[in-house]
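Per-entry structural report
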Amino acid sequence: MKKIAIACDHGGYELKKDIIKHLTARGFEVCDFGCDSTQSVDYPDYALPASQAVAKGECDLGILICGTGIGMSLCANKVKGIRAACCSDTFSARMTRMHNDSNILCFGARVVGLGLATDMVDLFLDTPFEGARHNARIEKMMAIENL
Ligand code: RB5
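Not measured: the values here are computed from a predicted model. (Residues numbered from 1 in each chain as written. Predicted model: local features only at pLDDT ≥ 70, side-chain atom pairs only at ≥ 80, totals over all residues. Heavy atoms only, no water.)

Description of the overall build of the protein
Cut-off, in case you're wondering: Counting from the N terminus, the helices are DSSP H or I runs at least four residues long and the strands are E runs at least two residues long. We take the radius of gyration over the C-alpha atoms and set the globule estimate at 2.2 Å times the residue count to the 0.38 power. The contact definition used throughout considers only heavy atoms, calling two residues in contact when any of these lie within 4.5 Å. The sign given to each residue is positive for Lys and Arg and negative for Asp and Glu; His and the chain ends receive no count. For charged residues, the charge sits on one atom: NZ in Lys, CZ in Arg, CG in Asp, CD in Glu.
Along the backbone of the protein there are six helices and five strands. Along the protein, helices and strands appear, N-terminal first, in the series β-α-β-α-β-α-β-α-β-α-α. For 147 residues, the compact-globule estimate of 2.2 N^0.38 gives 15 Å, and the C-alpha radius of gyration of the protein, at 14 Å, lies within 12% of that figure. Oriented by its inertia axes, the alpha-carbon framework of the protein measures out at about 40 × 30 × 25 Å. Considering only residue pairs separated by 6 or more positions, the protein has 71% of its internal contacts joining residues 24 or more positions apart. Across the protein, 16 positive and 18 negative side-chain charges occur, with their mean positions spaced 5 Å apart.

Following this line, the structure appears as structure tokens:
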């Protein structure tokens, strides 16, 4: 059973509640790193602990939700070991697992609705990394962290 880290800011709070329900119904273990209301907060405070949990291997994959998904993805990609993809379509959510081995999916609650968000989450969690020619590209990408 995969363990999923999830976090949001105030903009993503309502959508996060529905996504957690969906993940739980599918049998995933969910680690919720906040926030816990629609009261205004700063997204880096929630992106960081969720991203660290994925980077440390405490969670298998992560989902971050803010208004646009952009702030969350920018923060997550500053954590070593994280490959966060901000998506607003199912093709990208699937391809970023297949080709980029992304370990965090970000999206915006002001950009996508529950139906699309749920489909993106399912594709992201269910699609394996293709490996092969993509391995060397991922290695080159991650080496940038050490420059
Ligand atoms: C909050 O108003 C908003 O800036 C935030 O949710 C996110 O969209 C940032 O990227």
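Things to note about unusual backbone geometry
The omega torsion across Gly34 and Cys35 is 0 degrees, close enough to zero to call that bond cis. For Cys35, the position within the fold is in the loop between β2 (29-32) and α2 (44-55). Positioned with a positive phi, Asp101 is a non-glycine residue whose angle comes to about 50 degrees. Unusually for a residue other than glycine, Ala132 sits at a positive phi of about 50 degrees. Tracing the chain through its elements places Ala132 in the loop between α5 (114-126) and α6 (133-143).

What to know about the site of the ligand
Put simply, the rule is: Think of it this way: one heavy atom of a residue within 4 Å of a molecule or strand is enough to make that residue near it. N or O atoms closer than or at 3.5 Å make up a polar contact, with two conditions inside protein: a donor-capable atom paired with an acceptor-capable one, and, for residues adjacent in sequence, both atoms drawn from side chains. In this description, accessible areas are obtained by the Shrake-Rupley approach with a 1.4 Å probe, and a residue is regarded as covered only by the protein chains that are shown. Here the term charged refers only to Asp, Glu, Lys and Arg, the term nonpolar to Ala, Val, Leu, Ile, Met, Phe, Trp, Tyr, Cys and Pro, and the term polar to all other amino acids, Gly among them.
If you check the shell around the ligand, you find Asp9, His10, Tyr43, Cys66, Gly67, Thr68, Gly71 and Arg110 and nothing else. Within the side chain of Asp9, a nitrogen or oxygen atom sits 2.6 Å from an oxygen atom of the ligand. Within the contact set of the ligand, an oxygen atom lies 3.3 Å away from a side-chain nitrogen or oxygen of Arg110. When the ligand sits alone it has 290 Å² of accessible area, and the protein chains cover 72% of it. Its residues placed into classes, the shell around the ligand shows two nonpolar, four polar and two charged.

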